[in-house]
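# Understanding the architecture of this molecule
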Amino acid sequence: EDTQHNKICKEHEHLLQTLPKGNGWMVQHLYNYNGFWLNSYIIKNILLLNTFFKPQPSDIFLASFMKSGTTWLKALMFSTLNRHRYNSSDHHLLHHNPQSTFPYLDSECYPFTDFTNAPSPRLFATHYPRLLLPSCITSCKFVYVCRDPKDVLISKWHFACKIRSKDLKPVAFEEAFELFCDGVSDYGPYWDHVLSYWKASLESPDMILFLKYEEMKKQPVVEVRKLAAFMGKPFTVEEEEKGEVEKIVELCSFEKLSGLEVNKNGVEKLGKLAVVERGDFFRKGEVGDWKNYLSEEMKERIDRISDEKFKDSGLIV
Ligand code: A3P
């Protein structure tokens, strides 16, 4: 194993010297690896994952482009699957940040934590585009959450400003906008990321549940029902009558989670690499905050790219 690890480290060093480089939002540089912009750790981790991570057929992955609703979905998936374990007055999520409920694969790094004996189905979150994941992983079930790119851009820029090292020059909003449109942001281009999962969901609807942040805000109960059925734990008539779906929706709502002490203070470790202030996972949790930031021209530019990239795909964001 160590020999394989050393080989990967060498390959990674070589890649960093040869891959196209762009400006990073959270770190100084991003590299274009097989068509996607990733930071150097995330590139190393995909090489490691390919070699060392062994999925089980019953695993369920949550995939998303950053800032599309990962924290929310983690809370919903965890509480839906574990609804028999907790009652609402003393729920795990009242004392733990949603990020901690299941691992973020991208920042695990070598040596991987041994998840072999985690209860089935094991849950994992990732931001990797589908095209970069090995087929042993993509043959598992996936939940994908997609969000309006304009809101993703605003959310991501705020997040980047918070976690970018103070030693680096801040990224101005206009610069972030240009980079985003050019596809240069962590895991970007946004459009290619979404499209890879969208197409796969059309091909295998039983294996990929494609959700939209905006739909979830509009009709959370309907979407959580879908989520439960997809994960193999549909709500029973009895549970429906007792309002169990509504209870989960309420517990995982932005208002509820962002108001909890555990989500306001302290930091959360994501895998071995990232440390984020818990409060930074929650900002506004609204649809359409982009209206406060984008000029008409900027809005049109993003919409034009979406129209072009998604035309003929049937996807509307
Ligand atoms: P905003 O910055 O627009 O407020 P991610 O979890 O993928 O990093 O996405 C973060 C975005 O989801 C942030 O958006 C955050 O406020 C929002 N969010 C976090 N928890 C949420 C919840 N329970 N319901 C709805 N949105 C939530």
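Before any of the text, the structure's been laid out above.
The sections below set out a description of the structure shown in this document. In this text the structure is predicted, and so the values were computed from the model without any measurement. (Residues numbered from 1 in each chain as written. Predicted model: local features only at pLDDT ≥ 70, side-chain atom pairs only at ≥ 80, totals over all residues. Heavy atoms only, no water.)

## Comments concerning the side chain of S79
Inspection of the secondary structure assignment puts S79 in helix α3 (residues 70-81). With residues up to four places along the chain from it excluded, the contact list for S79 reads H91, L93, I248, L251 and C252. (Helix = DSSP H or I, 4+ residues; strand = E, 2+ residues; numbered from the N terminus. Contact = heavy atoms within 4.5 Å.)

## Concerning helix α1 (residues 2-18)
Taking 1.5 Å per residue as the helical rise, α1 with its 17 residues ought to reach 24 Å, and the 25 Å between its terminal C-alpha atoms agrees with that figure. Those residues of α1 lying buried are H5, I8, C9, H12 and L15. Down the axis, α1 shows its buried residues gathered within 125 degrees of arc, on one side only. Summarising the geometry of α1, the exposed residues directed more than 90 degrees from the buried face are T3, K7, K10, E13 and Q17. (Expected span 1.5 Å × (residues − 1). Buried < 20%, exposed > 50% of the residue type's maximum accessible area, 1.4 Å probe, protein only. Arc of directions from axis to C-beta.)

## Structural notes on the pairing of strand β2 (residues 29-33)
Most of β2 sits inside the fold, with 4 of its 5 residues counted as buried. As paired elements, strand β1 (residues 21-23) and β2 share 3 bridges and run antiparallel to each other. Residue K21 lies in a different strand from β2, and its bridge partner there is Y31. Where β1 folds back onto β2 in an antiparallel hairpin, the turn is made up of 5 residues. Relative to strand β3 (residues 36-38), β2 is paired through 3 bridges, and the arrangement is antiparallel. Each bridged residue has a counterpart across the sheet, and for Y31 the counterpart in β3 is L38. Here β2 hands over to β3 after 2 residues, with N34 in that stretch at a positive phi of 50 degrees. (Pairing = 2+ DSSP bridges.)

## Focus: the site of the ligand
Close contacts around the ligand come from 18 residues, with T70, T71, S155, R283 and K284 the closest. Note that an oxygen atom of the ligand is positioned 3.2 Å from one of the backbone N or O atoms of S68. A distance of 2.5 Å separates an oxygen atom of the ligand from a polar atom in the side chain of T71. Contact with the protein chains covers 97% of the free accessible surface of the ligand, which is 570 Å². (Near = heavy atom within 4 Å. Polar contact = N/O pair within 3.5 Å; in protein donor to acceptor, adjacent residues only side chain to side chain. Areas by Shrake-Rupley, 256 points an atom, 1.4 Å probe, with all protein chains shown as cover.)

## Here we look at the packing of aromatic side chains
One pass over the full model with this rule turns up 20 aromatic pairs. Relative to Y190, the ring of F180 has its centre 6.0 Å away and its plane inclined at 40 degrees; by these criteria the two rings are tilted. With F180 in helix α6 (residues 173-181) and Y190 in helix α7 (residues 190-203), the pair connects residues that are 10 residues apart, well separated along the chain. This pair shows no difference in class: F180 is buried, exactly as Y190 is. Aromatic ring contacts, followed pair by pair, group F53, F61, F115, F124, F142, Y144, Y197, W198 and F210 into a single cluster. Above the plane of the ring of F142 lies R130, whose end atom (NZ or CZ) is 5.2 Å from the centre. Note that K156 overlies the ring of W25, its terminal NZ or CZ placed 5.8 Å from the centroid. (Phe/Tyr/Trp six-rings, centres within 6.5 Å; stacked < 30°, edge-to-face > 60°. Lys NZ or Arg CZ within 6 Å of the ring centre and 35° of its normal.)

## Section: the packing of helix α5 (residues 149-163) against α6
Put simply, α5 and α6 touch, their axes get as near as 11 Å, and they point 135 degrees apart. Overall, the two elements α5 and α6 adopt an arrangement that is oblique. Here the hand of the crossing between α5 and α6 comes out right-handed. On α6, the residues that touch P149, V152, L153, I154 and W157 of α5 are F173, A176, F177 and F180. (Axes fitted to C-alpha atoms, helices over the stretch in contact; angles between N-to-C directions. Parallel < 35°, antiparallel > 145°, perpendicular 65-115°, else oblique. Left-handed = near helix turned anticlockwise from the far one by under 90°.)

## Structural notes on unusual backbone geometry
Phi is mostly negative for residues that are not glycine, and the peptide bonds are mostly trans. Residue P121 is bonded to the preceding S120 through a cis peptide linkage, with omega at -5 degrees. Relative to the assigned elements, P121 resides in the loop between α3 and β5 (123-126). With an omega of 0 degrees, the peptide bond between G188 and P189 qualifies as cis. In this structure, N34 is a non-glycine residue whose phi angle is positive, near 50 degrees. When you line up the elements, N34 lands in the loop between β2 and β3. Positive phi values are uncommon outside glycine, yet K67 reaches one of about 70 degrees. Take K67: it is sitting in the loop between β4 (60-64) and α3. For K67, a relative accessible area of 16% translates into the label buried.

The quantities given are spatial measurements derived from coordinates; they are silent on function.
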